[in-house]
Amino acid sequence: MTIEEMNRIRKERKLSYREIAEGAGVALGTVQKVFGGATASPRYDTLQRLDHFFIRETPAYQRQDSGVNRSFKINRLSDSVQGNYTVQDYLDWPDDERVELIDGVIYNMASPTSIHQIFDLAIGTQVFSQIRKKGGDCVPMIAPVDVQLDSDERTMVQPDFLIVCDRDKIHEKRVVGTPDFIIEILSPSTRMKDAFVKQNKYMNSGVREYWTVDLRDRRVTTYLFSEGRVLQYSLEDIVPIGIYEGEISIDFSDISAYVRDVVGEKWEE
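Residues numbered from 1 in each chain as written. Predicted model: local features only at pLDDT ≥ 70, side-chain atom pairs only at ≥ 80, totals over all residues. Heavy atoms only, no water.

1. Here's the deal with the pattern of salt bridges
- Enumeration according to the criterion identifies twelve salt bridges in this entry.
- Here Asp103 and Lys201 are joined by a salt bridge, their closest N and O atoms 2.5 Å apart. Residue Asp103 is located in the loop between strand 3 (99–102) and strand 4 (105–108), and its partner Lys201 is located in helix 7 (residues 191–205); the two are separated by 98 residues in the primary sequence.
- Judged by its relative accessible area of 9%, Lys201 is buried.
- Here Lys201 ties to Asp150 by a salt bridge, and the two come within 2.5 Å at their closest N and O atoms. Of the two residues, Lys201 is situated in helix 7 and Asp150 in the loop between strand 6 (147–148) and strand 7 (161–164); the sequence distance between them amounts to 51 residues.
- Residue Asp150 is classed as partly exposed on the basis of its relative accessible area of 29%.
- Shared partners join several salt bridges into a network, and the residues in it are Asp214, Arg216, Asp217 and Arg219. (Salt bridge = Lys/Arg side-chain N within 4 Å of Asp/Glu carboxyl O. Helix = DSSP H or I, 4+ residues; strand = E, 2+ residues; numbered from the N terminus. Buried < 20%, exposed > 50% of the residue type's maximum accessible area, 1.4 Å probe, protein only.)

Structure, rendered in structure tokens:
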């Protein structure tokens, strides 16, 4: 859940900063800074606590899925359940509700925009052709593909783009294990999750390199976890892929030019 969504719920339910602080277990001063705009990048554990609190405060509705013969609380997930969901719960989830599972917590996913999809396809096309020409075992993939990140029963994510260099991890229905390289294209509904929750999860799971593509701010941020470096580029740059030591790159200027050709000079995420 984004800070904007939390703020909307806060206003709708007329929640005070003190009520949020006490309910989420976050310092009052931190809550004031987050919702007052003074803190642009809250800490991961702070976001998790706030996210869980606001999920509890979201009005609930029940949905019965005849295919799995069980009901789900889609918008309101209590603490007794959040954190305890499994891969089987994820697989049983209603098909018309896109979700991800991270450390036992279910996160709703909105459908991507058309520009998001153009970027994803263009990234995949560029990298696929270069990897095929170079040879080797690495395999590029684009969403939607399930990735059981830790090979455990509590995480299943759908990165926008990934490269897997150990082909034993590629199964018929999913990737089981940690990819070497992942890109997430930020969108309004997933911005905070991709930039904080997933970033930490990917780093701790052993992903060697992680990029975020920010369509709103026209920025690419590359996290070279294996080297402990963070680099930033614009959407007019040619960005080298670190795990290939720059021998393979993504030409974002070419993708951006194509998007402008499709939708005009001014485009939004």
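2. Examining the packing of helix 2 (residues 17–24) against helix 3 (residues 28–36)
- The N-to-C vectors of helix 2 and helix 3 enclose an angle of 120°; their axes lie 9 Å apart at closest approach. One element, helix 2, and the other, helix 3, form an angle in the oblique class. For the crossing formed where helix 2 meets helix 3, the hand is right-handed. Side by side, helix 2 and helix 3 meet where Tyr17, Arg18, Ile20 and Ala21 of the first sit next to Leu28, Val31, Gln32, Phe35 and Gly36 of the second.
- Of the residues in the contact of helix 2 with helix 3, the class split is six nonpolar, two polar and one charged. (Axes fitted to C-alpha atoms, helices over the stretch in contact; angles between N-to-C directions. Parallel < 35°, antiparallel > 145°, perpendicular 65-115°, else oblique. Left-handed = near helix turned anticlockwise from the far one by under 90°. Contact = heavy atoms within 4.5 Å. Nonpolar A, V, L, I, M, F, W, Y, C, P; charged D, E, K, R; others polar.)

3. Topic: the state of the cysteines
- For the structure on display, the rule yields one disulfide.
- Between Cys138 and Cys165 runs a disulfide, and the two sulfur atoms are separated by 2.0 Å. Note on the Cys138 and Cys165 pair: the S-S dihedral is about 100°, so by sign convention the disulfide is right-handed. Here the residue Cys138 occupies a position in the loop between helix 6 (114–134) and strand 5 (139–142), and Cys165 occupies one in the loop between strand 7 and strand 8 (175–176), the gap between them amounting to 27 residues.
- Residue class for Cys138 comes out buried when judged on its relative accessible area of 16%. (Disulfide = S-S within 2.5 Å.)

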